[in-house]
Structures are given as structure tokens and as C-alpha cells.
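# Descriptive structure summary
One-letter residues, chain by chain:
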Amino acid sequence: MAGYPWIYILACIILTCSCSLGLLQFRWENNIVRLWNPTNSETGRNFAWLWKNHPPDLRRHTLIIYAEDVLQPQLIQRMYKIRQKLYTAVSKENVTWSQACLKVPLIPSKYSDFLEDVEEDSDEDDDAFAGFDDFGEDFQFTKTDFSVDFYPEPYCQNYNSLEDICFEDSFIELFALHGQVNETQIMNLTKDQILDAINAKTTKSGIFSVNKDFTQLLGRIQYDSEGKIQGAQALKMKLYGKMNVSEAHLESIEKDSLFGDQLALEQIDEVTRSIEDEFIGILEAERTKLEAEDTHLDFIVAKSFPDAVNERITGDIPKVLGSFGLMFLYVGVALSKCRLDCVDNKALLSRAGLAAVLMALVTSYGLCSLMGFFISPLHNFIPFLMLGLGVDDMFVIVQAFDQLEPLKDKSEIPDKLAKTLANAGVAITVTSLTDLLAFAVGSSTTVPALNSFCFFCGVGILIVYLYQITFFCAWLVIDQRRILDQRNACLPCLKSNCNTPLTNSNSKSCLPSLDLVGKYAEMLAFKPVKIAVILVTSGLLVASIYGNFMLDEDFDPWLFLSPKSYVAQFKATHDYYYPDKGENVILFFNGDVTQENLLGMDRLLSSLTSEAESHIIQNVDSWYTEFVKYFTQNLGHSQGLFSSNVSIAEIHSALAQFLFSPAGGRYQYLFTFEEPLTCGRSLPTVYLNMMELAHFHFNSSNEGIEAMNSVKHLMRTSGFNGRSFPFSPMYSIWEIDEVIFPVF
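Here is a short report on the structure shown in this document.

Quick look at the overall build of the chain now. Within the chain, the secondary structure is distributed over 26 helices and 12 strands. Within the chain, the fraction of its 744 residues that count as buried is 49%. A separation threshold of at least 6 residues defines the contact pool for the chain, and within that pool the share at least 24 residues apart is 76%. As displayed, the chain offers around 36,000 Å² of accessible surface, 57% of which is attributable to carbon and sulfur atoms.

Here's what the structure looks like:
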């Protein structure tokens, strides 16, 4: 190496450039399940199946307005105006909310509206509706609904002509009428009207024509002595989007072919991305306006969390660059032994050492990416780890070099370098090897995020070690030749007139000297010092053991976010004003609708809503519950689904009818059929159906683990003949906590 340093330098550069090609496979990952759940775990297997067969396409957007009392007309009106701005938003790519929202049919609650739609679309069925206009608004043909009396025809003819509207959960629904929100009515609301509406015995959505509990949207509700709502401090609104999963997947593939938009961190189609970016801009502007009115707004859209994680990752880039800059100054001064003259200054050598760290970073990231490993928020620490190890190796090598006899001419360089590596090589080899083995053991974990992180660290440590004993040492040889030739430290091509001695043996070093270490060793030989060291060490041992017993393991993905981000502020606001609101969980059922499977779902829902589970489950939103009511009350099957007189064909026919009724239309989205569902035709084979439950808020992972296992157990023992499982991002975290928790 000392004889041909440029060969080693060139070889290291070629290796770095070759490995950098692996960065073409570089990919970010922030999906909680893919990060923390082993692929062979229950959640990992279920998520893989779900992503392959029914990729998640629902996009939830939530905003919260909070003030001393949000049930004031002006705040309801402000919520309405914000809603209108979101509904009428047009992105830079000319995308509207109507193109990106989750749509459900608008089924009028007033029969005259339903008739008007038919009369506009067709004159052929006028006879079927003869005489209907003579009835008032409150007339009901049956005690059920219009879908019962006139299904399949003329109901389906009219249904197919109905307008699809965007699904939402908002307080504005309470003041809508027949699917329409009247702006004049909203602007003329009074406090009494608002309180009368929310305190009504039955509250109904005027948009979707279904009964609805609007108190779920209120936070920190204030009641009077009679138990009636008098005010609230927070008001929530939810909008729901639906992503084109196929387009998102194709666009992701195109971007993955090169770097593209890797920082997006998830698959998302451009229509969805465009409108969600517009939403963020609108809501940020509204938040600023409201703050001037002593009212506050916090919000989160579906892309907010991954964007915030991405911002945290990219936000560390200036820190990495800054740390390299500071380290360059420090290393340059330290390696020069605080001599900043034009020859003995080691600015060139410090640049080479830091370049070796950067090259090692590129090489290791390229190799790991080529092997299929991903980058996660944990990987932010790797550049700092490699920088610390690289600089430490540099100091050890230079210190060992300087402790030897000073050079007299260039012919002595090979021998001195050999002795340097013989002395320093042991230290840096042992340090690097122990670190490498530690991370190698860590990479054996089944947790994907830790596996990837440890593998990256292990490869990085190995490459840093190799580059320091080759690339850096080669530059050390070149730098020593420069010093012997009295060439300028910053411009080696120029000879310097500085009278710098060829030896630096008498120069004071910024690094700890061996004399100082020797004095420290002599001090440790005194008996009082020995006793003090033993006592302090024993005390630290006892404190450490106690601290380990007191250690509490609790993983919170929100801690990845900056506390100042609007996403973290939304989380804090939601936890304060809605302290009982916990995790939402989707229950998936893969299998056709059979009496056996319906019986299994019936058992499950009975268990979930039982007193035994009331402390962990806040509510369950199930199409099955509403279908049973429709089947027994509206269709007259009072004997129930499981009567011997009821055939599966009747159930299928009733379920198809239910899914096109005012009560069941909103549940269509929860079904995946093998063929399209058509009004008036038989029910296609059901491939997948879903339900949703909400937990109470849990104060610890241990409580969440208990609730998760309870739900999983109930689903496994329900008797459903097919694949059934609950899914929630937090379930994946609790599953990992469950594995780690016994260690603590």
C-alpha cells in the first residue's frame, strides 16, 4: 500500500461506484405492518393476504374545531364553510373532491322526491305511480321503507338513476333535508335549534336518510341537570376518500424503476395525492384564520402521517451534512495537533478520512438495497454511527503513526505504516469486529425494521473498517510524502516557504497523550481510589438492576413525528377532547354468505357486544345487525335468519335487496363480490365482507394487547367457515409489544 497508494484509492472508488448502482433498488418503508410484524406472524400473514386480495383503498380525513363552546351558530356555520371549500376544491392537476371521494347512492327519504326522479327519467312507468302525488310528505306506504314495496321494479329503475354523493360523518348532516344541505338554513341557525336537534330522541342524517348518533362527533360535552347537552368544546368532521389501487400500484412501479418519488413512502395514485395536497393547503389556511378568532382547528388527512415521517427523515439530512462539516473542522485541527501552519496542517487527510466514511455509506446502502433491504425511520441514525466509528478509527491510526519514530525520508514510510497497522490494527479490528457481531446477532431478529437496521449497520461498520485501513491509510501515505516535500496542506501542488520541521515529535497534540494515561493509571493504584471505584461501580450496578426492573416497554409510532408537526398536534388535540376514543379495527371475513357463516358472525357480534367485552369495545358498526333488522322487521321474517323455514336463497335475495335500501346502501362498500352487484338481480358470490369496531382508549400497550387477543380469540372461535381476522395498524404494534413484553 505504501508503495502504490493510488491503486488502493482507485480500487476503493471503483468499488463505491459499482455498489452505488444498488441504490437503483433503494426504497423507503413506513408501513407499520411491514416494518414491525414478521412476515410469518399472524398479522403479517393476514396483511400480506389482504394486500394481495383486497388492497386498502379507503382514505380517512378528519378535522377538529375546538373552542369554549362549539355548539354556537357561528362555529357550525364556519364548519359548513370549511366543508364547502373542501367539496369545491380543485387541485393544481384539476382534480376535484368528487373524483376522489368514497361515493354512496343518494336515496331520498321523502317519497315524492323518489317519484320525481322516476318521472324525469322515464314515462313508461307512470301508471305504476298513478295517484301517489295525492299523498302528503308524511305518508308511508308501509311501516318499513320504499325499497320494500316496490323492489325490484320500479324501485331499481329509479335507483340506477340516483346521484352518487360523497360519504361523510359531519354535524352538518343533522341540518340537511332529503340529501341536500340548505345554506340559508345553516346561516339562520340559532343556539336553541342546534340544542333541540342534538337532544332529539332520535337523530337522523338528512343526507343519508339513516339514524345516526351525532354525539360521537362532539368532544368534552357539557350537560345540564336533566342530562341534556348544553355545549361542547370540540366538533369533529370526517371525510372519506377512495383511492384507485390499481393506478397507485402502476405509478409506484414506474417510480421505483428509478428513484422517482421515493420519498412518498407509500403507494398512492396521483388523483388522490393531488386532492389531498389541496386539502392540506386549505385546512392550513383555515387554521391560521381561526386562530385570530380565538378558535382552533387541527386536522389530519390520509397522507399526513407518511408525509410527516418523510419530513422527519429528510429533515435530518441537514443535520447529517452539518455533522460532517463540524467533524471535518474538528478532525482537521485534531489530526494536525492544533498546528494550523501551511504544511503540518492535515486538512487534506481529514477530507480523505471523511470521504472514506461517505464512500462507506454509499457502498453499504447500495449493497443492502441490492439485497432487498428497505430504509425506515430507524435508519436515520446510521450515518451518525458510521461517522463516529470512522473518525475513531482515523484517530487511532494517526495516534499510532505519530507515536513511532519521526520520518527522515520517504523510504521509511512503508515500514512505519506497517508498524502503525500492527499496533493500531488490533484496536480498530477488535472494536469493529465486536460491533459487527453485535449487529449481526441483531439482524437475526424476525422484526423486519430491526432486521434491516441491524443489517445496514453491520455492513456499514465492515465497509468503514475496510476503507479506513485501505483508502484512508493510502491517503496517509500521500500526506506524509507531501509533508516531507514541504508542500502546502491545502494546495499540495505548491511548495511552501514555511520553515516547518520534518519531525512533529515535539508538537503538542490535541489528542490525549500517553503521559496523561500513565498518570491516570498511577492514581488507580492508590487503595482509597480502588475502594471508591468499587463502591461507585457497585452503586451503579444496583441502580442499573433496579432500573431494568422498572423499565416499561411501550411502542408508539407517533413518537417518530416532530412534536411541532400539525399531525402530532392533531393527535394531542384528539386525545384531549376525545379521551375515550380508541383504535378503530376492521373485521375481515373471507367466505360466501351461508347460514353457517351468518351463524358464526351472529355469535361473534353477540360476544363483542356482551357485558364481558364492554370495558374494551366502545361500539360495533356491523352490516349484519342492520340486515337482521331489515330482514325481520321490514321483510316480515319475524322468525329470524336461522329458522328452518328460511332458505339460503331467501337470505341471498333479502341481502341483495337490503344493500340497495336506504338502510343498507352505505354498506355496499364493505362487500367484495366475485361478480358485479346489480339492483334487482340475485346476490353474487361474496368473496369478502367487513365490519368495524372501536376500542376504548388504552393507557398502555398491555391493555391494548389484552383487548387485541380477546377480539382475535372471539373471531377464531366464532365458527365462521373461512378466513376471518381483525386488522388495525395498532394491532400490529401490540403484537410486537406482546413478543417483546415478556423480556421486560
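Right, let's talk about empty space enclosed by the protein for a bit. Applying the stated criterion across every chain yields a total of five cavities of 30 Å³ or more. Here the second largest cavity is characterised by a volume of approximately 80 Å³. Taken together, V104, P105, I107, F208, V210, P662, G665 and R666 make up the full set of residues lining the second largest cavity. When its residues are assigned to classes, the lining of the second largest cavity shows six nonpolar, one polar and one charged.

So, on to the pairing of strand 6 (residues 229–242). Burial of strand 6 is extensive: 10 of the 14 residues sit out of reach of the surface. Sheet topology note: the strand 1 (residues 58–66)/strand 6 ladder contains nine bridges and is antiparallel. Across the sheet, residue Y66 finds its bridge partner in strand 6, namely A234. The sheet contact formed by strand 4 (residues 168–169) and strand 6 spans two bridges and is antiparallel. The partner of D169 across the bridge, within strand 6, is K238.

Turning to the pattern of salt bridges, a few remarks are in order. Following the criterion strictly, the structure yields 21 salt bridges and no others. The partner of R287 in a salt bridge is D298, and the shortest N-O contact between them spans 3.9 Å. Note that R287 is positioned in helix 12 (residues 270–291) and D298 in strand 7 (residues 296–300), a separation of 11 residues in sequence.

We now examine the nonpolar core. Judged by nonpolar contacts, the single largest core of 141 residues is most densely connected at W36, L587 and W623. A total of 21 residues in this core trace back to one element, the largest contributor, which is helix 18 (residues 448–484). With near-sequence residues (within four places) excluded, W36 lies in contact with L378, V447, P448, A449, L450, F555, F560, I733 and I736.

Quick look at the environment of P5 now. The residue P5 is located in helix 1 (residues 5–20) in this model. For the pair P5 and C473, spaced 468 residues apart in the sequence, the C-alpha separation amounts to 8.2 Å. Those residues in contact with P5 that lie beyond four places of it in its chain are A474, V477, I478 and R481.

Let's shift gears to the state of the cysteines. As enumerated under the stated definition, the model contains two disulfides in all. The disulfide that involves C101 links it to C166, with 2.0 Å between the sulfurs. Taking the torsion about the S-S bond as the criterion, the C101 to C166 disulfide, at about -70 degrees, is left-handed. Pair noted here: C101 is in the loop between helix 5 (97–100) and strand 2 (103–105) and C166 is in strand 3 (residues 164–166), with a separation of 65 residues, a long-range link. With respect to burial, C101 and C166 carry one shared label: buried. Across the disulfide, C156 is cross-linked to C679 (sulfur-sulfur distance 2.1 Å). On the S-S bond that ties C156 to C679, the torsion sits near -75 degrees, and the link is left-handed. Residue C156 is located in helix 8 (residues 155–159), and its partner C679 is located in the loop between strand 10 (671–673) and strand 11 (686–696); the two are separated by 523 residues in the primary sequence. Its relative accessible area of 1% is what places C156 among the buried residues. By relative accessible area, C679 is classed as buried at 7%. Of all cysteine sulfurs, the one in C457 lies closest to C368, which takes part in no disulfide; the gap is 9.2 Å.

Across five bridges, strand 5 (residues 218–223) lies against strand 6 in antiparallel orientation. Residue pairing in the sheet places G219 in a bridge with A234 of strand 6. Taking the residues that link successive antiparallel strands as the turn, the strand 5-strand 6 hairpin has five residues, and the phi of G227 there is positive, at about 85 degrees.

This part covers the packing of aromatic side chains. As enumerated under the stated definition, the model contains 33 aromatic pairs in all. Geometrically, the ring pair formed by F299 and Y566 is stacked, given 4.7 Å between the ring centres and 25 degrees between the ring planes. Taken as a pair, F299 in strand 7 and Y566 in helix 21 (residues 566–577) lie far apart in primary sequence, 267 residues in all. Residue classification places Y566 among the buried residues on the basis of a relative accessible area of 15%. Taken together, W623, Y624, F627, Y630, F631, F658, Y667, F671 and F673 form an aromatic cluster joined through their ring pairs. The ring of F401 has K416 sitting right over it, with the charged end atom 4.2 Å from the ring centre.

Here T62 lies in strand 1. Of the residues examined, T62 reaches a relative accessible area of 13% and is grouped as buried. For T62, the contacting residues outside a window of four places in its chain are K236, M237, K238, D298, F299, I300 and F570.

Glancing now at the packing of helix 22 (residues 595–608) against helix 23 (residues 623–634). Put simply, helix 22 and helix 23 touch, their axes get as near as 10 Å, and they point 110 degrees apart. On the basis of their axis angle, the class for helix 22 and helix 23 is roughly perpendicular. Crossing geometry of helix 22 relative to helix 23 is assigned as left-handed. Facing L598, M601, D602 and L605 of helix 22, the residues of helix 23 in contact are W623, Y624 and T625.

This part covers helix 18. Between its first and last C-alpha atoms helix 18 spans 52 Å; for 37 residues at 1.5 Å apiece the expected length is 54 Å, and the two agree. Maximal helix bending in helix 18 amounts to about 35 degrees, located at Q468. The buried fraction of helix 18 amounts to 32 of the 37 residues, a majority that puts the element mostly inside the structure. Phi turns positive, to about 55 degrees, at Q486, one or two residues after helix 18.

Following both chains from N to C, one finds helix 23 and helix 24 (residues 648–658) inclined at 105 degrees, their axes separated by 10 Å at the closest point. One element, helix 23, and the other, helix 24, form an angle in the roughly perpendicular class. Where helix 23 abuts helix 24, its residues W623, E626, F627, Y630 and F631 lie against E650, I651, A654, L655, Q657 and F658. Among the residues making up the contact of helix 23 with helix 24, the classes are represented as eight nonpolar, one polar and two charged.

What counts and how
- Residues numbered from 1 in each chain as written.
- Predicted model: local features only at pLDDT ≥ 70, side-chain atom pairs only at ≥ 80, totals over all residues.
- Heavy atoms only, no water.
- Helix = DSSP H or I, 4+ residues; strand = E, 2+ residues; numbered from the N terminus.
- Buried < 20%, exposed > 50% of the residue type's maximum accessible area, 1.4 Å probe, protein only.
- Contact = heavy atoms within 4.5 Å.
- Areas by Shrake-Rupley, 256 points an atom, 1.4 Å probe, with all protein chains shown as cover.
- 1 Å grid on protein atoms, 1.4 Å probe; cavity = no way out; pocket = protein on both sides within 12 Å on 5 of 7 lines; lining within 4 Å.
- Points joined across faces, edges and corners; volume = space filled by probe spheres on them.
- Nonpolar A, V, L, I, M, F, W, Y, C, P; charged D, E, K, R; others polar.
- Pairing = 2+ DSSP bridges.
- Salt bridge = Lys/Arg side-chain N within 4 Å of Asp/Glu carboxyl O.
- Core = buried A, V, L, I, M, F, W, Y, C linked by side-chain atoms within 4.5 Å.
- Disulfide = S-S within 2.5 Å.
- Phe/Tyr/Trp six-rings, centres within 6.5 Å; stacked < 30°, edge-to-face > 60°.
- Lys NZ or Arg CZ within 6 Å of the ring centre and 35° of its normal.
- Axes fitted to C-alpha atoms, helices over the stretch in contact; angles between N-to-C directions.
- Parallel < 35°, antiparallel > 145°, perpendicular 65-115°, else oblique.
- Left-handed = near helix turned anticlockwise from the far one by under 90°.
- Expected span 1.5 Å × (residues − 1).
- Bend = angle between axes of the 7 residues up to and from the residue.

Any functional reading would require information that these geometric values do not contain.
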